[in-house]
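Spelled out, the chains give:
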Amino acid sequence: LSSGPLSGKHVVVTAGPTREPIDPVRFITNRSSGKQGYALALALAQLGARVTLISGPTNLGVPPGATRIDVESAQQMCDAALEAAKNADLFVGAAAVADYRAAEIAGEKIKKKGEAMSLALTRTDDILVRVRAAQPDLFIVGFAAETEKLEAHAREKLTKKKLDLIAANWVGQGRAFDRDDNQLSVFWDGGGRELAQAGKDQLARELAALIVERLHIDNKK
Ligand code: C5P
């Protein structure tokens, strides 16, 4: 679309899980399907944006209107995000980024040995924190997947990561991950809105419209 509220805007979306290698044949990952992030990339493209979708491994096709950059590890996603964010008007971090990676990646397949084994892990960089540090004025949207105290935890992330908006959902017990429907509670400084249970495509359109609304209010400040 050459018209639409986001025409002329460059939007960057991260989506999907990351894969943190342990050795040449093994990695650590999570249950993210990428569906919500891909649906959001499509919804934002349909509002006229030029969308760069930075994606971990998923089974999904590239949404029409988006250009996809494929990555695996959190480090690769972070590098791609920092590069794409340089000329972005809006950044949406929908990826389920690993919090830890192997402290060392073995060059050869690790052999079994003994009854127990442990793996040293180290923290990954927080992509949203890095993007904010590099782009102080960029409008940044984060996600929060929580199993308890949804609003308190989401608002804590909003503040700590200096986000403009955060979309939170309940996870665990079969909720959200790898499903076609979801429910979102959206928070910003001084406000919030509930987006009721719906298909991820429908929810993505509602969230995209809310992002546009907040983006315009923010730009007028
Ligand atoms: O702190 P938590 O992982 O719950 O925050 C979730 C939000 O932070 C999501 O938007 C996710 O994409 C982002 N995130 C990130 N880099 C990480 C971990 C999470 O950008 N290393």
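A quick note: this is a predicted structure, and the numbers were derived from the prediction, not measured.

Here's the deal with the sheet that holds strand β5 (residues 66-70)
If you trace the eight strands from one edge of the open sheet to the other, you get β5-β4-β1-β6-β9-β10-β11-β12, paired in mixed fashion. Looking at the sheet topology across the chains shown, the edges are occupied by β5 and β12 (191-199). Direction aside, the axes of adjacent strands within the sheet are offset by 20° on average. Bridge analysis of strand β9 (residues 139-146) against strand β10 (residues 165-170) gives six bridges, and the strand direction is parallel. Counted as the bridge partner of G142 is I166 from β10.

Here we look at the side chain of S73
With respect to the helices, strands and loops of the structure, S73 is situated in the loop between β5 and α2 (74-85). Within the local environment of S73, its side chain forms a polar contact with the backbone nitrogen of Q76, the two atoms lying 3.1 Å apart.

Brief notes about the site of the ligand
Neighbouring the ligand are 14 residues; G93, A95, F143, K157 and K161 lie closest to it. In the environment of the ligand, an oxygen atom lies 2.6 Å from a nitrogen or oxygen atom belonging to the backbone of G93. A95 places a polar main-chain atom, nitrogen or oxygen, 2.7 Å from an oxygen atom of the ligand. Relative to its unbound accessible surface of 450 Å², the ligand loses 85% to contact with the protein. Elements represented by at least two residues in the shell around the ligand include exactly α3 (127-134) and β9.

Digging into α3
Buried within α3 are the following residues: I127, L128, V131 and R132. Axial view of α3: buried residues confined to an arc of 130°, hence all on one face. Residues of α3 that are buried make contact with α2, β6 (90-93) and β9.

What about the packing of α2 against α3?
One way to put it is that α2 packs onto α3 with a least axis distance of 10 Å and a crossing angle of 25°. Put simply, α2 runs roughly parallel to α3. Remark: the crossing between α2 and α3 carries right-handed chirality. Residues A74, M77, C78, A81, L82 and A85 of α2 lie in contact with α3, whose contacting residues are I127, R130, V131 and A134. Partitioning the contact of α2 with α3 into residue classes produces nine nonpolar, no polar and one charged.

What counts as what
Residue numbers here run from 1 along each chain, matching the order of that chain's written sequence. Totals for whole chains, interfaces and linings use every residue, but because this is a predicted model, local features are given only for residues with pLDDT of at least 70 and side-chain atom pairs only at 80 or more, for both listing and counting. Side-chain calculation: all heavy atoms of the structure are included, whereas hydrogens and water are not. Strand pairing requires that DSSP identify at least two bridges connecting the strands. Secondary structure counts use DSSP, requiring at least four H or I residues in a row for a helix and at least two E residues in a row for a strand, with both numbered from the N terminus. Note on geometry: axes are C-alpha line fits, over the in-contact stretch for helices, and angles between N-to-C directions span 0 to 180 degrees. Any pair of N or O atoms that falls within 3.5 Å is considered a polar contact. Within protein, one atom must be able to donate a hydrogen and the other to accept it, and sequence-neighbouring residues count only if both atoms are side-chain atoms. One heavy atom suffices: a residue is near a molecule or strand as soon as one of its heavy atoms comes within 4 Å of it. All accessible areas in this document rest on Shrake-Rupley with a 1.4 Å probe, and a residue is counted as covered only by the protein chains that are shown. For the exposure calls, accessible area comes from a 1.4 Å probe over protein chains only, and a residue counts as buried if that area is under 20% of its type's maximum, exposed if over 50%, partly exposed in between. The arc under discussion is defined with respect to the helix axis, by the directions toward the C-beta atoms. Residues are treated as being in contact if the distance between any of their heavy atoms lies within 4.5 Å. These descriptions rest on fixed angle ranges, namely under 35 degrees for roughly parallel, over 145 for roughly antiparallel, 65 to 115 for roughly perpendicular, and the rest for oblique. Two helices cross in a left-handed way if the nearer one is turned anticlockwise from the farther one by less than a right angle. They cross in a right-handed way if the turn is clockwise. The classification used treats Ala, Val, Leu, Ile, Met, Phe, Trp, Tyr, Cys and Pro as nonpolar, Asp, Glu, Lys and Arg as charged, and all other residues, Gly among them, as polar.

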